[in-house]
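# Breakdown of the fold
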Amino acid sequence: QVQLVESGGGLVQAGGSLRLSCAASGRTFSSYAMGWFRQAPGKEREFVAAISRTGGGTYYADSVKGRFTISRDNARNTVYLQMNSLKPEDTAVYYCAAKITVYSIRPNDYDTWGQGTQVTVSS
């Protein structure tokens, strides 16, 4: 089983960019599909983006499509979330998650979670 550590969060003005990273331990990273989720105060955790084990398949929530890009580097055991044109409504704690085999948009399908990284977008 992998362990996940997110980084790259911070405070940014609306219209700005951030890149989140999620580093995984273990030698089986390429066996896992990866997802990014976020949770704002008082709201449920929601799907943001997911990527297949090889990186050949990606899927995005409508709210971030065209602004966010998920990618992975299996040689570095890392998945990324490039976030451009950020909006105040993107403010949340962002989590990466790992799931054996195919990706999913449902949080309950994921086996392992990172601790989260805060993203705050000011207007």
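Note: the structure precedes this text.
In this report, the structure presented in the accompanying data block is examined. (Residues numbered from 1 in each chain as written. Predicted model: local features only at pLDDT ≥ 70, side-chain atom pairs only at ≥ 80, totals over all residues. Heavy atoms only, no water.)

## Some thoughts on the state of the cysteines
- As enumerated under the stated definition, the model contains one disulfide in all.
- With a sulfur-sulfur separation of 1.9 Å, Cys22 is cross-linked through a disulfide to Cys96. Residues Cys22 and Cys96 share a disulfide whose torsion about the S-S bond is about 50°; that sign makes it right-handed. With Cys22 in strand 3 (residues 18-24) and Cys96 in strand 9 (residues 92-100), this pair connects stretches of sequence that are 74 residues apart.
- A relative accessible area of 0% means that Cys96 is categorised as buried. (Disulfide = S-S within 2.5 Å. Helix = DSSP H or I, 4+ residues; strand = E, 2+ residues; numbered from the N terminus. Buried < 20%, exposed > 50% of the residue type's maximum accessible area, 1.4 Å probe, protein only.)

## Re the sheet that holds strand 3
- Strand order in this open sheet of four strands is 1-3-8-7, and the pairing throughout is antiparallel. Two strands in the sheet have a free side with no partner beyond their single neighbour: strand 1 (4-7) and strand 7 (68-73). For this sheet, the mean angle separating the axes of adjacent strands, direction not counted, is 15°.
- Pairing between strand 7 and strand 8 (residues 78-83): six bridges, direction antiparallel. For Arg72, the partnering residue across the bridge sits in strand 8 and is Val79. (Pairing = 2+ DSSP bridges. Axes fitted to C-alpha atoms, helices over the stretch in contact; angles between N-to-C directions.)

## Things to note about the nonpolar core
- Formed by 35 residues in total, the largest nonpolar core has its most connected members in Met34, Trp36, Leu81, Met83 and Tyr94.
- Mapped by element, the contributors of at least two residues to this core are strand 3, strand 4 (32-39), strand 5 (46-51), strand 7, strand 8, strand 9 and strand 11 (117-122). (Core = buried A, V, L, I, M, F, W, Y, C linked by side-chain atoms within 4.5 Å.)

## Observations concerning the side chain of Thr112
- As for its position among the elements, Thr112 is in strand 10 (residues 112-113).
- A distance of 2.9 Å separates a polar atom in the side chain of Thr112 from a polar atom in the side chain of Gln1.
- Ignoring sequence-local partners within four residues, the contact set of Thr112 consists of Gln1, Val2, Leu4, Cys96, Ala97 and Ala98. (Polar contact = N/O pair within 3.5 Å; in protein donor to acceptor, adjacent residues only side chain to side chain. Contact = heavy atoms within 4.5 Å.)

## Some details on the packing of aromatic side chains
- Within the structure shown, the criterion is met by six aromatic pairs.
- Summarising the aromatic geometry, the rings of Phe37 and Trp113 are spaced 5.1 Å apart at their centres and angled 55° between planes, so their arrangement reads as tilted. Residue Phe37 is located in strand 4, and its partner Trp113 is located in strand 10; the two are separated by 76 residues in the primary sequence.
- Cluster of aromatic residues (ring-pair linked, three or more members): Phe37, Phe47, Tyr59, Tyr95, Tyr110 and Trp113.
- Sitting over the face of the ring of Trp113, Arg45 holds its NZ or CZ atom 4.7 Å from the ring centroid.
- Lying over the aromatic face of Phe29, Arg72 brings its terminal NZ or CZ to 4.4 Å of the ring centre. (Phe/Tyr/Trp six-rings, centres within 6.5 Å; stacked < 30°, edge-to-face > 60°. Lys NZ or Arg CZ within 6 Å of the ring centre and 35° of its normal.)

## Regarding the pairing of strand 11
- Along strand 11, the buried face is formed by Thr117, Val119 and Val121; none of Gln118, Thr120 and Ser122, which line the opposite face, is buried.
- Here four bridges tie strand 2 (residues 10-13) to strand 11, and the two strands are oriented parallel to one another. Considered in strand 11, the bridge of Val12 is made with Val121.

Purely spatial values, then, with no claim about function.
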